[in-house]
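Topology and contacts: notes
The primary structure of each chain is shown beneath.
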Amino acid sequence: MFTGIIEELGSVSDITALDDSIRLRISAKLVLSDAQLGDSIAVNGVCLTVAERTEDSFVADCMQETLDRSSLGTLSVGDAVNLERAARVDSRLDGHIVQGHVDATTTLLSREHSQNWDVLRFALPAHLARYVVEKGSICINGTSLTVSALGPDYFEVSLIPVTLRETVFGELPVGGVVNLEVDVIAKYVERMLGQRT
């Protein structure tokens, strides 16, 4: 479980293609300070398991299911990635409950620059629209964000300078593909209400 508060920008240092999976090596510092083999680290919002680690990098295996449901298969060596260690139960929940289980990928449609923030508009996949509400939480590339505007086939987030500086969003180009995770609580509520008799 994660909070969607990005701790560090890492970078992809190596990609090994296997028959039906890839091995990613991610260069990082902060998230490795207490990382052990088997720990979970969210990479662009995808919960991955530390399979190997050195002083300044870790390796994670990404099976075909992960590649089919996320944008990790499109990464290249040198790409920046958002990183977050698993949440501790004795700390503040500054973002929202994030599982690291990607619901879909989506595309940045436009970005509007302002003096102190940027407004990013993303395509809203039709099958996830019912879980997205204005002023609600949404997780994009592992970052807990607030929906600032909502349309029939898009949603917007307004990003402050620290978010633009400390995450991949500062450099994300129009047309860029990101990982999307909707609020898991909304999905559970829908499921429970659907099973009422």
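Residues numbered from 1 in each chain as written. Predicted model: local features only at pLDDT ≥ 70, side-chain atom pairs only at ≥ 80, totals over all residues. Heavy atoms only, no water.

In the nomenclature of an unreviewed UniProt entry, the protein chain is known as Riboflavin synthase of Corynebacterium hindlerae. Per UniProt, the protein chain carries the Subunit (unreviewed entry) text "Homotrimer." The annotation that UniProt attaches to the protein chain under Catalytic activity (unreviewed entry) is "2 6,7-dimethyl-8-(1-D-ribityl)lumazine + H(+) = 5-amino-6-(D-ribitylamino)uracil + riboflavin". (UniProt positions renumbered as here; feature names shortened; annotations may be inferred.)

1. Let's talk about the pairing of strand S13 (residues 177–181)
Two faces belong to every sheet, and in a regular strand the side chains alternate between them. Burial runs high along S13: four of the five residues are buried. Here strand S8 (residues 104–113) runs beside S13; their pairing, made up of four bridges, is antiparallel. Paired with Thr105 across the strands is Asn179, a residue of S13. (Buried < 20%, exposed > 50% of the residue type's maximum accessible area, 1.4 Å probe, protein only. Helix = DSSP H or I, 4+ residues; strand = E, 2+ residues; numbered from the N terminus. Pairing = 2+ DSSP bridges.)

2. Digging into the UniProt feature "domain: Lumazine-binding" (unreviewed entry) in the protein chain
Per the UniProt record, "domain: Lumazine-binding" (unreviewed entry) is annotated on residues 1–96 and 97–193. As annotated, residues 1–96 comprises 6% helix and 42% strand, and the C-alpha atoms at either end are separated by 10 Å. Along residues 97–193, the helical share is 16% and the strand share 40%, with 20 Å between the first and last C-alpha atoms.

3. Notes on the side chain of Glu84
Within the secondary structure, Glu84 sits in strand S7 (residues 80–85). Salt bridges are absent for the buried Glu84, whose nearest opposite-charge side chain, Arg85, sits at 8.3 Å. Looking at Glu84, its side chain comes within polar contact range of the main-chain nitrogen of Gly4, at 3.0 Å. Discounting residues that sit within four places of it in the chain, Glu84 has contacts with Phe2, Thr3, Gly4, Ile5, Glu7, Val31, Ile41, Ala42 and Gly142. (Lys, Arg positive; Asp, Glu negative; His and termini not counted. Salt bridge = Lys/Arg side-chain N within 4 Å of Asp/Glu carboxyl O. Polar contact = N/O pair within 3.5 Å; in protein donor to acceptor, adjacent residues only side chain to side chain. Contact = heavy atoms within 4.5 Å.)

4. Section: the state of the cysteines
Going through the model one piece at a time under the given rule, you end up with zero disulfides. Here Cys47 stays free of any disulfide, with the sulfur of Cys62 as its closest cysteine sulfur at 11 Å. With no disulfide of its own, Cys139 lies closest to Cys47 among cysteine sulfurs, the gap being 12 Å. With a relative accessible area of 1%, Cys139 lands in the buried category. (Disulfide = S-S within 2.5 Å.)

5. A look at the nonpolar core
Ranked by size, the top nonpolar core spans 22 residues in total, and within it Leu24, Ile26, Val43, Leu48, Phe58, Leu72 and Leu83 carry the most contacts. For this core, the elements supplying multiple residues, two or more each, are strand S2 (21–27), strand S3 (40–43), strand S4 (46–49), strand S6 (57–63) and S7. Those residues in contact with Phe58 that sit more than four places away from it in its chain are Leu24, Arg25, Ile26, Val31, Leu32, Ile41, Val43, Val50, Glu52, Arg53 and Leu83. Counting residues in each nonpolar core, the second largest holds 21 residues, with Leu120, Val132, Ile140 and Leu145 among its members. (Core = buried A, V, L, I, M, F, W, Y, C linked by side-chain atoms within 4.5 Å.)

6. Considering the pairing of S7
Both strand S1 (residues 8–17) and S7 contribute to a ladder of four bridges, which runs antiparallel. Counterpart to Gly10 in the pairing with S7 is Val81. Pairing analysis gives three bridges linking S3 to S7, with the strands arranged antiparallel. The residue of S7 that forms the bridge with Ile41 is Arg85.

7. A look at the domain arrangement of the protein chain
When the parts come together, some accessible area is lost, and that loss is often what is quoted as the size of the interface. Taken domain by domain, the protein chain comprises domain 1 (8–85) and domain 2 (104–194). One C-alpha centre belongs to domain 1, the other to domain 2, and the line joining them spans 22 Å. Buried area between domain 1 and domain 2, both sides added, is near 780 Å², and the carbon and sulfur share of it is 45%. Joining domain 1 to domain 2, the criterion identifies zero salt bridges. Between domain 1 and domain 2 we count five residue pairs in polar contact (both at pLDDT 80 or more) in total. Residue contributions to the side of domain 1 that touches domain 2 peak at four residues, all from S7. Classifying every residue of the side of domain 1 that touches domain 2 by side-chain character gives five nonpolar, five polar and two charged. (Domains from an automatic or database assignment. Buried area = accessible area lost by both parts, 1.4 Å probe. Nonpolar A, V, L, I, M, F, W, Y, C, P; charged D, E, K, R; others polar.)

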